[in-house]
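Fold and contact review
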Amino acid sequence: MTTTNQFPISPKFVFFLLLVFSFKVGNAQEKPRIAIFSGPTATIQNSYPLITSNKAREQNELSLLTNDEGETMPFDRLYYQKIAAPVTLYIEMFTAHPLESDVKELYGEPDGYVDENGKFRKTRKSPSDKPVLKVELRPEDGLYPLPYMAVQADGKPWDATAAYPGAPFSASRQTFYPNASRIFEEIERNGGNIYGVADYDFYRPAPAGGYTKGLPAEDRTDTGDGDIPPETLGKDFFTYGPYGASQNRMQLAKATNMVQEVMASGEYDGSIWLEGSPSIENTSYWMGLLIDSKAPLVFNAAQRMRGLVSADGDQNIIDGINYISSGVWADENGITRVGSVMIQDQIIFSSREVQKGDARPGGYVTTGGYGGIIGSMGYGPKLTFLPLRKHTHLSEVNFTKIPKTVPGIAVSEAGSIENVEVAVKDAGGKLIPESMPMVSIFKSARWKTEDDGSDDPSGEIDILARINDNLKKYPLAGFVGEGMAPYGSMIAPMDAALELAALHGYPVLKAARGNADGFMNTDPDNLFIEGHNTTSTKGRVLLMACILRYGTYPPAKDPLNPTAKELEAIKAKIKLYQEVFHTH
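Rules used throughout
Residues numbered from 1 in each chain as written. Predicted model: local features only at pLDDT ≥ 70, side-chain atom pairs only at ≥ 80, totals over all residues. Heavy atoms only, no water. Buried < 20%, exposed > 50% of the residue type's maximum accessible area, 1.4 Å probe, protein only. Helix = DSSP H or I, 4+ residues; strand = E, 2+ residues; numbered from the N terminus. Contact = heavy atoms within 4.5 Å. Pairing = 2+ DSSP bridges. Axes fitted to C-alpha atoms, helices over the stretch in contact; angles between N-to-C directions. Right-handed = clockwise from strand over helix to strand, strands pointing away. 1 Å grid on protein atoms, 1.4 Å probe; cavity = no way out; pocket = protein on both sides within 12 Å on 5 of 7 lines; lining within 4 Å. Points joined across faces, edges and corners; volume = space filled by probe spheres on them. Nonpolar A, V, L, I, M, F, W, Y, C, P; charged D, E, K, R; others polar. Patch = residues over 30% accessible without salt bridge, like charges linked within 9 Å, V, L, I, M, F, W, Y side chains within 5 Å. Areas by Shrake-Rupley, 256 points an atom, 1.4 Å probe, with all protein chains shown as cover. Salt bridge = Lys/Arg side-chain N within 4 Å of Asp/Glu carboxyl O. Phe/Tyr/Trp six-rings, centres within 6.5 Å; stacked < 30°, edge-to-face > 60°. Lys NZ or Arg CZ within 6 Å of the ring centre and 35° of its normal.

Once that is clear, we can look at helix α3 (residues 181–189). Restricting attention to buried positions, one finds in α3 the residues Ser181, Ile183, Phe184, Glu186 and Ile187. Each element contacted by the buried residues of α3 is listed here: β1 (33–38), β2 (78–82), β7 (143–147), β8 (199–203) and α6 (313–326). Of the residues trailing α3, Gly191 is marked for its positive phi of about 95 degrees.

Here four strands make up an open sheet; going across it, the order is β19-β20-β21-β22 and the pairing parallel. Of all strands in the sheet, those with a lone pairing partner are β19 (438–443) and β22 (529–530), marking the two edges. Note that strand β20 (residues 477–482) and strand β21 (residues 508–511) share four bridges and pair parallel. Counterpart to Val480 in the pairing with β21 is Leu509. Here helix α7 (residues 461–473) sits on the sheet in contact with β19 and β20, set at roughly 175 degrees to β19.

A few words on the pairing of strand β11 (residues 340–344). Within β11, five of the five residues are buried, leaving the element largely enclosed by the surrounding structure. Covered by surrounding structure in β11 are Ser340, Met342 and Gln344 together with Val341 and Ile343, the residues of both alternating faces. The β-α-β motif built from strand β10 (residues 297–300), the intervening α6 and the parallel element β11 has left-handed crossover chirality. Here four bridges tie β11 to strand β12 (residues 347–350), and the two strands are oriented antiparallel to one another. From the neighbouring strand, Ile343 faces β12, where its bridge partner is Ile348. Between β11 and β12, which pair antiparallel in sequence order, lie two residues; one of them, Asp345, sits at a positive phi of approximately 55 degrees.

Regions of empty space are outlined by a rolling probe, equal in size to a water molecule, passed over the atoms. One pass over the structure, following the stated rule, counts one cavity of 30 Å³ or more. Quantified by volume, the largest cavity comes out at close to 30 Å³. Around the largest cavity sit Phe37, Val259, Ser271, Trp273, Met287, Leu297, Val298 and Phe299, which together line it. Among the elements that line the lining of the largest cavity, the one with the most residues is β10, at three residues. Along the lines of polarity and charge, the residues of the lining of the largest cavity split into seven nonpolar, one polar and no charged.

Here we come to a nonpolar patch on the surface. Together, Val87, Leu89, Ile91 and Leu133 make up a nonpolar patch on the protein surface, roughly 280 Å² of accessible area in all. With three residues, the top contributor of residues to the nonpolar patch is strand β3 (residues 87–92). Here Leu133 is to be found in strand β6 (residues 130–137). Classification of Leu133 as partly exposed rests on a relative accessible area of 34%.

Now for the layout of surface pockets. Taken as a whole, the largest pocket encloses approximately 1100 Å³ of empty space. Around the largest pocket, the lining is made up of 34 residues, and of these Ser47, Leu50, Tyr177, Arg182 and Glu186 lie nearest the centre. If you list the elements that add at least two residues to the lining of the largest pocket, you get β2 and α3. In terms of residue count, β2 provides more of the lining of the largest pocket than any other element does, five residues in total. Each residue belonging to the lining of the largest pocket can be placed in one class, and the counts come to 14 nonpolar, 12 polar and eight charged. Roughly 650 Å³ of internal volume is contained in the second largest pocket. Surrounding the second largest pocket, 22 residues form its lining, Arg204, Pro205, Arg220, Asp222 and Met258 being those nearest its centre. For the lining of the second largest pocket, a count of residues per class yields eight nonpolar, four polar and 10 charged.

Taken as a whole, this structure holds 17 aromatic pairs when the rule is applied. With a centroid separation of 6.5 Å and an interplanar angle of 40 degrees, the aromatic rings of Trp273 and Phe299 are classed as tilted. With a gap of 26 residues between them, Trp273 in strand β9 (residues 270–274) and Phe299 in strand β10 connect regions that are remote in the sequence. Taken as a pair, Trp273 and Phe299 share a single burial class, namely buried. Aromatic rings pair up to connect Phe37, Tyr203, Tyr268, Trp273 and Phe299 into one cluster. The ring of Tyr48 has Arg77 lying over it, and the distance from NZ or CZ to the ring centre is 3.6 Å. We note Arg173 situated over the ring of Trp158; from NZ or CZ to the ring centre the distance is 3.7 Å.

A few words on unusual backbone geometry. Phi is mostly negative for residues that are not glycine, and the peptide bonds are mostly trans. In this chain, Ala485 is followed by Pro486 through a cis amide linkage whose omega measures -5 degrees. Mapped onto the elements of the fold, Pro486 is located in the loop between β20 and α8 (492–503). At Phe94, a position not held by glycine, the phi torsion is positive, near 65 degrees. Relative to the elements of secondary structure, Phe94 occurs in the loop between β3 and β4 (112–114). For Gln346, which is not a glycine, the phi torsion comes out positive at approximately 70 degrees. With respect to the helices and strands, Gln346 occurs in the loop between β11 and β12.

In structure tokens form, the structure reads like this:
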């Protein structure tokens, strides 16, 4: 005989359990969503050229690939590709690792055997029969590494990216991917396990690869509406190499508009920007200053293209994803504490201080002499220091704080230099590409002029020519003078020429030479912005942002003979800039 203890359960308790269960289900942890931006000249999105394999050459009776010693290549390079129809393969057992066969007794039975003629049987007929595992590969499986079998239209093999040496761009294939979606698929295929960590949307603000014939909307792998029209090298996409095309200031405005719009949507928990290794240091700082976002901004590059031994880009991307998903960047309210960072070789750099030192893994260094490395990805994401400088949602020059118009410089019909209002945002609140400031860098050096003791600016013809050109073309412009370390001091003629630029109304920044380790003193009595401990290239980026925020100086009516009142007005405007350089 059995007895059952029964405890009455009240309706209120049942309701409570249902409420708790529904709360847990409704608040289940969702994967973060990350925006992936493709930037210009991005080695991290570049791939080894597609070279016709020896299998294809044998099949087409073409000369075989050889190594530097003239010997036939023993193996074909493999490229990720898609199979068009299901295919059955027989994989020889115990070939995945040299020591698999050392513990044969731990393995299950093979699916069958293949004899010397390649015939498959379920049972072994001869000692020479190889035990095999049977597998069916299907198109829906995704990418597989396979020999490259294509040849050119005239039957010749592909020996390089171009159809023939010296071929124009129209007779060449591209090696840069148009967006990062394919890269993410390859990373997952290689065991990156990134699809389980987050969801991704792919954007092309300034990509390195483009659709020269356009692309139908249904074939797009990026986020966007409608067909992609035919794209032009140097206008819509930007590459390096034999068909190099540099991005311009106008493209930076367009890219900034896209990133701001995407990150302001509230749909993303973070973003990753991919760009060429020499230039990403400046873009990362620019976006960290301009993008008004409370989510983290990560920047990744690579020193070696995809397909090379020890290519570093994939791991940098994985680290960027893990950094965002870890939440180490967040304060108690889930808001980023560090703004924009560059993650390279398992190191988390502050975007203000990071600089490329050499084209090798581990080739990034910090500038300014006081920090710049804020964490590590080596044993899981962790921050060790927090930067004090303003960034993203805290920045005084971010997208939201930039006004619709700012004062610029123009020459009146009477020939006088005066301030005019320049629109920097359109009616929709986006940056106007044509209004991006023209900021030039000039470097000082001893033994440069006939008489360093003179303060006559007439010998600085490059600076004077830029002043005149700006007056004709660029109402928003500025100058950066790179002097000696650490104080930014320059030869007297250059000082005088840059002072003349300031009297024309153009903001002038002084920075120290190279990667200086010291801080510049701030002199309230001169006509320069002192760059603190920033480099001239990073200082140029911040100066561009300041001009968008505050505009130019009030110019002297006669720059060669300014009045005391005009000098005071310029110095008052300089204070706005100087405060930003001290805090950003």
